[in-house]
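Close look at the chain arrangement
So the chains spell out like this:
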Amino acid sequence: MTDVPPPELPGCPRDDEGPVFNEPWEAKAFALTLGLYERGLFTWPEWADALSREIAAAQAGGDADLGDTYYRHWLRALESLVARKGAASADELARCGRAWEEAAHRTPHGSPIEL
């Protein structure tokens, strides 16, 4: 690809070693996004636009923008791009989201979630 992602993502929680993740799912969403980008599903400008739109919509809806919701915006941006590009339908994404929530509720704390 010709449009290489920038070394730092605006608003991305970071420390001296790189992105910081509060939960394992955040790291997985980050890695999935980079993997889909590397496979050519979307360009980096498309990704930046999708993420910016999600953050702006959340802020317009009252998100205090304290950094604790950043990866929720990230995930919504990824889901919207995946659906828009036809890699999965919105219904498929919603079904997977429900399956994940159900699996999370039945999984003992500290155990890996299995679908």
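So, here's what we can say about the structure. Here the structure is a predicted model, which is why all the values come from computation and not from measurement. (Residues numbered from 1 in each chain as written. Predicted model: local features only at pLDDT ≥ 70, side-chain atom pairs only at ≥ 80, totals over all residues. Heavy atoms only, no water.)

**Regarding the layout of surface pockets**
It is a probe the size of a water molecule, rolled over the atoms, that shows where empty space is left. Put simply, the largest pocket is a space of about 1,200 Å³. Lining the largest pocket are 31 residues, with Trp-25, Lys-28, Leu-75, Trp-100 and Glu-101 sitting closest to its centre. Mapped onto the lining of the largest pocket, the elements with two or more residues apiece are α1 (24-38), α3 (70-84) and α4 (90-106). Counting residues per element, the lining of the largest pocket draws most heavily on α4, which supplies seven residues. The residue makeup of the lining of the largest pocket, split by class, is 19 nonpolar, five polar and seven charged. (1 Å grid on protein atoms, 1.4 Å probe; cavity = no way out; pocket = protein on both sides within 12 Å on 5 of 7 lines; lining within 4 Å. Points joined across faces, edges and corners; volume = space filled by probe spheres on them. Helix = DSSP H or I, 4+ residues; strand = E, 2+ residues; numbered from the N terminus. Nonpolar A, V, L, I, M, F, W, Y, C, P; charged D, E, K, R; others polar.)

**So, the packing of α1 against α3**
One can describe the packing of α1 onto α3 by two numbers: an axis separation of 10 Å at closest approach and a directional angle of 35°. As for the relative orientation of α1 and α3, their crossing is left-handed in sense. Side by side, α1 and α3 meet where Trp-25, Glu-26, Ala-29, Phe-30, Leu-32, Thr-33 and Leu-36 of the first sit next to Tyr-71, Arg-72, Trp-74, Leu-75, Leu-78 and Val-82 of the second. Class assignment for the residues of the contact of α1 with α3 results in ten nonpolar, one polar and two charged. (Axes fitted to C-alpha atoms, helices over the stretch in contact; angles between N-to-C directions. Left-handed = near helix turned anticlockwise from the far one by under 90°. Contact = heavy atoms within 4.5 Å.)

**Describing helix α2 (residues 44-60)**
Taking 1.5 Å as the rise per residue, α2 with 17 residues should run 24 Å; its terminal C-alpha atoms sit 24 Å apart, in good agreement. Looking at the packing, one finds that the buried side of α2 touches α1 and α3. Where α2 ends, the next residue or the one after it, Gly-62, has phi of about 105°, a positive value. (Expected span 1.5 Å × (residues − 1).)

**Examining a nonpolar patch on the surface**
Together, Trp-100, Ile-113 and Leu-115 make up a nonpolar patch on the protein surface, roughly 300 Å² of accessible area in all. Looking at the secondary structure, you find Ile-113 in the segment after α4. (Patch = residues over 30% accessible without salt bridge, like charges linked within 9 Å, V, L, I, M, F, W, Y side chains within 5 Å. Areas by Shrake-Rupley, 256 points an atom, 1.4 Å probe, with all protein chains shown as cover. Salt bridge = Lys/Arg side-chain N within 4 Å of Asp/Glu carboxyl O.)

**Considering the nonpolar core**
Core analysis: the largest hydrophobic core is formed by 18 residues, its most contacted members being Phe-42, Trp-47, Leu-51, Tyr-70, Trp-74 and Leu-78. Where this core is concerned, the elements lending two or more residues are α1, α2 and α3. Here this core gets seven residues from one element, more than from any other, and that element is α3. With sequence-adjacent residues up to four places away left out, Leu-78 is seen in contact with Ala-29, Leu-32, Thr-33, Leu-36, Phe-42 and Trp-47. (Core = buried A, V, L, I, M, F, W, Y, C linked by side-chain atoms within 4.5 Å. Buried < 20%, exposed > 50% of the residue type's maximum accessible area, 1.4 Å probe, protein only.)

**A look at the environment of Ala-104**
Secondary-structure assignment places Ala-104 in helix α4. Under the relative-accessibility criterion, Ala-104 is labelled partly exposed at 28%. Separated by ten residues in sequence, Ala-104 and Glu-114 place their C-alpha atoms 8.0 Å apart.

**Some details on the packing of aromatic side chains**
In total, this model carries nine aromatic pairs according to the counting rule given. Aromatic side chains Phe-30 and Trp-74 sit 5.3 Å apart centroid to centroid with 25° between the ring planes, which places their arrangement in the stacked category. Remark: Trp-74 occurs in helix α3 and Phe-30 occurs in helix α1; sequence separation between them is 44 residues. Here the two residues Phe-30 and Trp-74 agree in accessibility, since each one is buried. On the basis of an interplanar angle of 90° and a centroid distance of 5.1 Å, the ring pair of Tyr-70 and Tyr-71 is categorised as edge-to-face. Taken individually, Tyr-70 and Tyr-71 each receive the classification buried, so the pair is uniform in this respect. Aromatic rings pair up to connect Phe-21, Phe-30, Phe-42, Trp-47, Tyr-70, Tyr-71 and Trp-74 into one cluster. (Phe/Tyr/Trp six-rings, centres within 6.5 Å; stacked < 30°, edge-to-face > 60°.)

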